[in-house]
Amino acid sequence: MDEPLAGRVTRRTAGARWRWGAGRVAACLVALAYLGCSEPQAVESESATRSSGGTVVVATHQDIAGVNDLVSNVSSLSNEVIGTMYLRLFDEQDDFAEHPPSFAPRLAESHEFSEDRLTLTVRLRPGVVWSDGEPITAEDVRWTWLAQTDPAVAWSYSHVKEHIEDVEVVDDLTVRFRFTRAYANQLQDANEGFILPRHAWSRLPFEEWPEGEQWFQDHLVTSGPFIMTSWRPQEEFVLERNPRYHEPGLPVLDRVVFRVIPDRGNHVTQLLRGEVDFVPRVDVDKVERVQSADNAVLYPYRHRQYTYLGWNTRRPLFSEPEVRRALTLAVDRQTIIDTLRSGWAVVASSPILSYVWAFADLEPWPYDPAAARELLAEHGWRPGPDGVLARDGQRFSFTMAVSASARSWRDTVTMVQEQLGLVGIEMFIQPIEFNTLLGQLEVGDYEATIGSWGIDTSLDLTYAFHSEGGYNYGGYSNPRVDELIEEAKRQIDPHDAGPMLREIQEILHREQPYTFLWEPQRISAMATRLRDARPNPVSTYQNLHEWWIAE
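In what follows, the accompanying structure is described. Because the structure is a prediction, the values reported are computed rather than measured. (Residues numbered from 1 in each chain as written. Predicted model: local features only at pLDDT ≥ 70, side-chain atom pairs only at ≥ 80, totals over all residues. Heavy atoms only, no water.)

## Some remarks on helix α11 (residues 369-378)
An α-helix turns once every 3.6 residues. As a result, residues three or four positions apart point the same way. Keep this limit in mind: When a residue's accessible area, from a 1.4 Å probe over protein chains only, is under 20% of the maximum for its type it is buried; when over 50% it is exposed; and in between it is partly exposed. Counting from the N terminus, the helices are DSSP H or I runs at least four residues long and the strands are E runs at least two residues long. Only heavy atoms matter for contacts: two residues are in contact if any of them lie within 4.5 Å across the pair.
Of the positions making up α11, those classed as buried are Pro-369, Ala-372, Leu-375, Leu-376 and Ala-377. In this fold, the buried residues of α11 make contact with α9 (321-329), β16 (382-383) and β17 (389-391). Two residues or fewer after α11 comes Gly-380, characterised by a positive phi angle close to 90°.

Listed below in structure tokens is the structure:
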């Protein structure tokens, strides 16, 4: 695969979760207008009437990890597939380009906060049942919270529930969340995670959950539009219509077959042969093949991710903001995008993506090697006999660590190596096995690296930019940034955090703990017979229950 993944993609994360090469979302048309790329190629459907039934085949380069998101080693694909089988209380909407995101009721029918915002009362949708016919009740919601917070289950993201002190069953369809304090992301935290079937899965003690993946498969009961009916590991897994799903007429399809094809280069070939109907991720070098085909179309959309060069600010070479800014000035990011991504990205300037409502409207630092050399000279870096900059006997020479399996990142840092050399900086490239590299980052045993963060719409920047952030591998520390991050999280209304978030971005823009490289565009492709497939950065398969086939 092009860039290794670690972590989840489609659910809310507290700030951002560590994720290499993965990517909450932007409106597709807004993103496309910004990028100057063509809109998704629409398939004319006036002559076709939506008909129920049929099978769609999806190409995937990896298998799912399991069916229980609390214990499985959940990949982005696993989480998206689980999202077609289980419901949340609410669905996050892709409307956060102009304002904080809204949440549409899904399993919930309505919700209401108390005046002091310490209590959230949720009313469940009546008449909704599990795939075995048992009703979904408030007891399921409370029990799911107990599972999410039980130390024996050890859910990786249990900390998002840290301010929920109790979940009370009021009646069969009413549940009350009690919080220890009021804050902006209370609804997101209550909503985090899929509601699980108490009547079916409570038979397995929480202590046995970490080793119980096969048990969950054998006792699979779902609430969403689909249920998994077969799974041949590393070959294929099959979703079929849940006949008890509560929305009339949905899902439209009978079956969705996910075919595991490890070589992603073959996905487009099989699409054009008619062997698969949907390719979730098209490599940029395959775009023209799809564009020139008469039986397939592209569907590009903005991805919730940014890629960056991370500097270990604890190391003397990278401890000065002006020097880090010079490094950014010396990197021709637009040429990298044009060369390696064929223009399917925009230059990044902030950890808050440029299409998000709280973006500070920052202009990316330009490519200006002359200014970079001047700035470095002002801070004592002068060319040595071999042309490499030196100061106080120390050469400006360092190693860039990169995941050995990430081909595009290796290509990127090779271009960075050449560009930095033009201003007198010597950079070596060290490919490292991903898990080994991650271990080195966690203890700060590196000089520089390349990575990607998938963002969420809470816009909590603690993860990498607070001095105590759990993923602040570069050791970046600025007391004002810490203060602003904490102040932003105390706001009840997300809008009120806007000024703090913008000031944080301005500081990061000046100090460049990262060189922000690009915000990517994701490109899917589909057969012309497939209709109403609308992947987005919330989830590739968020509206899978609405997909249909035009014969």
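From this point, the discussion proceeds with the structure in view.
## Digging into the nonpolar core
Rule in force here: Think of a nonpolar core as a cluster: buried Ala, Val, Leu, Ile, Met, Phe, Trp, Tyr and Cys residues, connected wherever their side-chain atoms sit within 4.5 Å.
Ranked by size, the top nonpolar core spans 76 residues in total, and within it Phe-177, Trp-209 and Trp-547 carry the most contacts. Sorting elements by how many residues they give to this core places helix α3 (residues 138-149) first, with five residues. Discounting residues that sit within four places of it in the chain, Trp-209 has contacts with Asn-68, Leu-70, Val-71, Trp-143, Ala-147, Val-153, Leu-196, Trp-201, Leu-204 and Phe-216. If you look at the next biggest cluster of nonpolar residues, it comprises 36 residues, including Val-323, Ala-330, Val-331 and Met-400.

## Notes on the pairing of strand β22 (residues 514-527)
Heads up, the condition is: Each pair of strands is called paired provided DSSP finds at least two bridges between the two strands.
Burial analysis of β22 places 14 of its 14 residues in the buried class, the great majority of the element. Relative to β22, strand β12 (residues 278-279) is paired through two bridges, and the arrangement is antiparallel. Its bridge partner being in β22, Phe-278 is matched across the sheet by Met-526. The sheet contact formed by strand β13 (residues 296-302) and β22 spans seven bridges and is antiparallel. Bridged to Arg-302 within β22 is Gln-521. The pairing of strand β15 (residues 345-347) with β22 spans three bridges and is antiparallel. The residue of β22 that forms the bridge with Val-346 is Glu-519.

## Brief notes about unusual backbone geometry
A cis geometry characterises the amide bond from Leu-250 onward to Pro-251, with omega recorded as -5°. As for its placement among the helices and strands, Pro-251 is situated in the loop between β10 (236-241) and β11 (255-260). Even without being a glycine, Asp-361 presents a positive backbone phi close to 55°. Note on placement: Asp-361 falls in the loop between β15 and α11. Using a relative accessible area of 65% as the deciding quantity, one classes Asp-361 as exposed.

## Considering the packing of aromatic side chains
Quick reminder of the rule: Only rings of Phe, Tyr and Trp enter the pairing, Trp through its six-membered ring, and a pair is recorded when the two centres are within 6.5 Å. The plane angle decides the type: under 30 degrees is stacked, over 60 is edge-to-face, the rest tilted. Comment: the charge-over-ring label is applied if NZ (Lys) or CZ (Arg) is within 6 Å of the ring centre and within 35 degrees of the ring normal.
Enumeration according to the criterion identifies 31 aromatic pairs in this entry. Seen from their ring centres, Trp-201 and Trp-209 are 6.5 Å apart, and the 90° between their planes marks the pair as edge-to-face. You'll find Trp-201 and Trp-209 in the same group, each marked buried. Lying over the aromatic face of Phe-194, Arg-88 brings its terminal NZ or CZ to 4.3 Å of the ring centre. The positively charged end of Arg-117 is found above the aromatic ring belonging to Phe-113, 4.0 Å away from the centroid.

Worth remembering: the numbers are spatial, not functional.
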